[in-house]
Amino acid sequence: MARIGFIGLGIMGSPMAANLVKAGHEVHGSDHHAENMDKLAKAGGIPAASVAEAVTGADVVVTMLPDSPQVSEVALGLGGIFDTVRASGRPGVLYIDFSTISPHTSRQIAEVGAQAGVRVLDAPVSGGEAGAIAGTLSVMVGGAEADFDAAVPVLSAVGATIARVGPHGSGQVVKAANQLVVGGIYALVSEAIVLMEGSGVEAGPGLDVLAGGLAGSRILDLKRETMLAREFKPGFRIELHDKDMGIAIATARDAGVALPVTGLVAQLMAAAKARGDGKLDHSALLRTIEALSGRADG
Ligand code: NAD
């Protein structure tokens, strides 16, 4: 069993850390918010006063942070992961970044990590808070095959579908593909609701039929009831999905490909954030789609 330093104990990180403890690992965690540290202690983990304290003596370090700037700061900054590993003189530490960030940043971090003697994997996840609690996340991993193999005992404590998808940055590219699909489906489910309600047709039974046919999806299965009830407690916040649509657009630009539907959905997500819905669940995209038609709930 490994000694794990875990940085970022938010909506996702907190239940993932709890599952690592359950699997028998010794988890030393760090987060900006005191209540997240209390949750870790209740789950059997050990709160650390700083990133350096969580990382010192760890075999494996993981991060579950909001975006590229936070991951760069925690990995590359003074008193950060690489700094601490360098100072400890313990090469061979495995660093798994579960955050969704730009593939470009993941590649940069892997390069600097190699110079510090740290084996780096980008390992973004899909499956939401429910998947994090159940330990059934999908994990898409970029990095060296031997490092992936070494990470499997940790990955299998948080995920059910675990795949190495290519070299450094590849996990983030697959995650960007995941996010553009999820965003697009939310936009279309929202339009289906607006169409039915705007036509005087009850949307509940309508969506039930859609869910059983070719238009069925996990999103319809898991989210149609809360969307119809206009319950938008996060889950996955609009502001984070807005970040992910930006990653998808930038990655497409780097690859020299055009993603026209993604461009449209990215603008809708940006509008949802600009309208003040950034802290709501991403299913609240419905409110922006409704507003376009002047409907009351928007
Ligand atoms: P969150 O905001 O709930 O959690 C992030 C945590 O990081 C916060 O608790 C914050 O205090 C902490 N943090 C930030 N900077 C820090 C630092 N320098 N040191 C220590 N702690 C720091 O976000 P989340 O929903 O858990 O998402 C985390 C990542 O996972 C994001 O990249 C997101 O896109 C991705 N993700 C989220 C979901 C979801 O459903 N919420 C699903 C899949 C992937």
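Before going into details, it helps to say that this report is about the structure given with it. (Residues numbered from 1 in each chain as written. Predicted model: local features only at pLDDT ≥ 70, side-chain atom pairs only at ≥ 80, totals over all residues. Heavy atoms only, no water.)

Time to look at the site of the ligand. As a structural note, the neighbourhood of the ligand is formed by 27 residues, with I11, M12, D31, P66 and K243 the closest of them. A distance of 2.7 Å is found between an oxygen atom of the ligand and a side-chain nitrogen or oxygen belonging to K243. Compared with its free state, where it exposes 840 Å², the ligand has 92% of that area covered by protein. Those elements that place two or more of their residues in the shell around the ligand are helix 4 (68–76), helix 7 (128–134) and helix 12 (238–255). Looking at the shell around the ligand residue by residue, the class counts come to 11 nonpolar, 11 polar and five charged. (Near = heavy atom within 4 Å. Polar contact = N/O pair within 3.5 Å; in protein donor to acceptor, adjacent residues only side chain to side chain. Areas by Shrake-Rupley, 256 points an atom, 1.4 Å probe, with all protein chains shown as cover. Helix = DSSP H or I, 4+ residues; strand = E, 2+ residues; numbered from the N terminus. Nonpolar A, V, L, I, M, F, W, Y, C, P; charged D, E, K, R; others polar.)

Mapping V60 onto the fold places it in strand 4 (residues 60–63). With a relative accessible area of 7%, V60 lands in the buried category. Residues V60 and G92, 32 residues apart in the sequence, show an inter-C-alpha distance of 9.2 Å. The contacts of V60, once residues within four sequence positions are left out, are A2, R3, I4, G5, L94, I96 and V154. (Buried < 20%, exposed > 50% of the residue type's maximum accessible area, 1.4 Å probe, protein only. Contact = heavy atoms within 4.5 Å.)

Time to look at the environment of A49. In this fold, A49 is placed in the loop between strand 3 (46–47) and helix 3 (51–55). Note on A49: relative accessible area 71%, which makes it exposed.

Within the structure shown, the criterion is met by one aromatic pair. Ring geometry for F82 against Y95: centres 6.0 Å apart, planes inclined by 80 degrees, an arrangement best described as edge-to-face. On the criterion of sequence distance, the pair formed by F82 in helix 5 (residues 81–88) and Y95 in strand 5 (residues 94–97) is long-range, its members being 13 residues apart. For Y95, a relative accessible area of 0% corresponds to the buried category. (Phe/Tyr/Trp six-rings, centres within 6.5 Å; stacked < 30°, edge-to-face > 60°.)

Here R224 shows up in helix 11 (residues 218–228). Since its relative accessible area comes to 17%, R224 is described here as buried. Within the structure, the side chain of R224 is placed 3.1 Å from the backbone oxygen of L220, a separation counted as a polar contact. Those residues within four positions of R224 in sequence are excluded, and the remaining contacts are L207, D208, A211 and I219.

Turning to the nonpolar core, a few remarks are in order. Ranked by size, the top nonpolar core spans 31 residues in total, and within it F6, M16, I96 and F98 carry the most contacts. Mapped by element, the contributors of at least two residues to this core are strand 1 (3–7), helix 1 (13–22), helix 2 (34–42), strand 4, strand 5, strand 8 (137–142) and helix 8 (145–158). The leading source of residues in this core is helix 8, at six residues. Residues contacting M16, with those up to four places away along its chain left out, are F6, M64, F98, V125, A132, L137 and V158. Ranked by size, the runner-up nonpolar core spans 26 residues in total, among them M227, L268, A284 and L286. (Core = buried A, V, L, I, M, F, W, Y, C linked by side-chain atoms within 4.5 Å.)

The next point concerns the packing of helix 12 against helix 13 (residues 260–277). Relative to each other, helix 12 and helix 13 sit at 150 degrees, their axes nearing to 9 Å. Here helix 12 is positioned roughly antiparallel relative to helix 13, judged by the angle of their axes. For the element pair helix 12 and helix 13, the recorded crossing hand is left-handed. Only T262, G263, V265, A266, M269, A270, A272, K273 and D277 of helix 13 make contact with helix 12, whose side of the interface consists of I238, E239, H241, D242, M245, A248 and I249. (Axes fitted to C-alpha atoms, helices over the stretch in contact; angles between N-to-C directions. Parallel < 35°, antiparallel > 145°, perpendicular 65-115°, else oblique. Left-handed = near helix turned anticlockwise from the far one by under 90°.)

Taken together, the buried positions of helix 11 are I219, L220, R224 and M227. Down the axis of helix 11, the smallest arc covering the buried residues is 100 degrees, so these residues share one side. In this structure, helix 11 carries R218, L222 and E225 as exposed residues pointing more than 90 degrees from its buried face. Contacts from the buried residues of helix 11 go to helix 9 (170–198), helix 10 (203–212) and helix 14 (285–292). Looking one or two places after helix 11, you find R230, whose phi comes out positive at around 55 degrees. (Arc of directions from axis to C-beta.)

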